[in-house]
Amino acid sequence: RGLSLIVALALTACASNPTSEPTDIHRSSVTVTNTAGTSGGTGIVLRSSETQSLVLTNSHVCHVVENGGLVGGVAGKFMVSAYKHSVKNDLCLIKVDGDLEANTRIATTAPTPYYDSIAVSGHPGLMPNLITRGHISGRQVISVITGIKPCTDEDAADPMKAIACALIGGI
């Protein structure tokens, strides 16, 4: 759900611009790093003004800013002044005291598979902003492991679960 929201936000931040000026999608995608700039991830600017900006990212990205961090984009780098993790989803809202010069329009409808175009913007490996263009090719539910449950005696006796119990002590 968190990744879907970020992808939907990235979709709506797109704009065609044949010039060399930064497009809306370039402006909306930012890096979120520790103060040394050696670890981090990508975020999307939800809203910005002259005094502050709000960035949406994944909770695991926010772990790198727990002891201070930076948000960087085409408008410059700004210190993280506050952040809040979602308890329910893998999302984190970051506040910086500065203008990241971007505002993202949130989609009002879900994309249509096989028809809608997509552009995903990000900073893989904290590299400069890269944009990948394509189209929505379908919808798929992906299972995610959210934790490990200790094995019971019954689990250890079950041939399908015994290996997980022996190797990691849980399923």
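Because the structure is a prediction, the values reported are computed rather than measured.

## What about the pairing of strand 6 (residues 92–96)?
Then, in step 1: What you see with strand 6 is a clean split: Cys-92, Ile-94 and Val-96 sit on the buried side and Leu-93 and Lys-95 on the side with no burial.
Then, in step 2: The pairing of strand 5 (residues 76–85) with strand 6 spans five bridges and is classified as antiparallel. In the sheet register, Ala-82 faces strand 6, and the bridge partner there is Lys-95.
Then, in step 3: Counting the residues in the hairpin turn of strand 5 and strand 6 gives six residues.

## Focus on the state of the cysteines
Then, in step 1: Within the structure shown, the criterion is met by two disulfides.
Then, in step 2: A sulfur-sulfur separation of 2.0 Å characterises the disulfide bridge that pairs Cys-62 with Cys-92. Looking along the S-S bond of the Cys-62-Cys-92 disulfide, the torsion reads about -90 degrees, which is the left-handed sense. On the criterion of sequence distance, the pair formed by Cys-62 in helix 3 (residues 59–62) and Cys-92 in strand 6 is long-range, its members being 30 residues apart. Neither residue differs from the other here; Cys-62 and Cys-92 are each classed as buried.
Then, in step 3: The disulfide partner of Cys-151 is Cys-165, and the gap between their sulfur atoms is 2.0 Å. Disulfide Cys-151-Cys-165: torsion about the S-S bond near -100 degrees, hence left-handed. Linking Cys-151 in the loop between strand 8 (130–135) and helix 4 (153–157) with Cys-165 in helix 5 (residues 162–168), this pair joins segments that are 14 residues apart in sequence.
Then, in step 4: Exposure remark for Cys-151: the relative accessible area of 26% places this residue in the partly exposed category.
Then, in step 5: With its bonded cysteines labelled in order along the sequence, the protein chain shows the pairing 1-2, 3-4.

## Things to note about the side chain of Ser-59
Then, in step 1: Turning to its location among the elements, Ser-59 is positioned in helix 3.
Then, in step 2: Here Ser-59 falls in the buried class, since its relative accessible area comes to 10%.
Then, in step 3: Look past the residues within four positions of Ser-59 in its chain and what remains in contact with it is His-85, Ser-86, Asn-89, Asp-90, Leu-91 and Cys-92.

## Considerations on unusual backbone geometry
Then, in step 1: One non-glycine residue, Glu-101, lies in positive phi territory at about 55 degrees.
Then, in step 2: Mapping Glu-101 onto the fold places it in the loop between strand 6 and strand 7 (117–122).

## A look at a nonpolar patch on the surface
Then, in step 1: Among the surface-exposed residues, Ile-148, Ile-163, Leu-167 and Ile-168 lie close enough to one another that they form a single nonpolar patch of about 470 Å² accessible area.
Then, in step 2: Inspection of the secondary structure assignment puts Ile-148 in the loop between strand 8 and helix 4.
Then, in step 3: Looking at Ile-148, the relative accessible area reads 57%, which means it is exposed.

## Topic: the sheet that holds strand 2 (residues 40–48)
Then, in step 1: Taken together, six strands build a closed barrel; the order of strands is 1-2-3-6-5-4 and the barrel is antiparallel. Between one strand and the next, the sheet's axes are offset by a mean angle of 40 degrees, whatever the strand orientation.

## Some details on the pattern of salt bridges
Then, in step 1: Tallied over the entire structure, the rule returns two salt bridges.
Then, in step 2: Close ionic contact of Lys-149 with Asp-155 constitutes a salt bridge, the shortest N to O distance being 3.4 Å.
Then, in step 3: The closest approach of N and O atoms between Asp-155 and Lys-161, which form a salt bridge, is 3.5 Å.
Then, in step 4: One connected set of salt bridges, linked through shared partners, spans Lys-149, Asp-155 and Lys-161.

Analysis parameters
- Residues numbered from 1 in each chain as written.
- Predicted model: local features only at pLDDT ≥ 70, side-chain atom pairs only at ≥ 80, totals over all residues.
- Heavy atoms only, no water.
- Buried < 20%, exposed > 50% of the residue type's maximum accessible area, 1.4 Å probe, protein only.
- Helix = DSSP H or I, 4+ residues; strand = E, 2+ residues; numbered from the N terminus.
- Pairing = 2+ DSSP bridges.
- Disulfide = S-S within 2.5 Å.
- Contact = heavy atoms within 4.5 Å.
- Patch = residues over 30% accessible without salt bridge, like charges linked within 9 Å, V, L, I, M, F, W, Y side chains within 5 Å.
- Areas by Shrake-Rupley, 256 points an atom, 1.4 Å probe, with all protein chains shown as cover.
- Salt bridge = Lys/Arg side-chain N within 4 Å of Asp/Glu carboxyl O.
- Axes fitted to C-alpha atoms, helices over the stretch in contact; angles between N-to-C directions.

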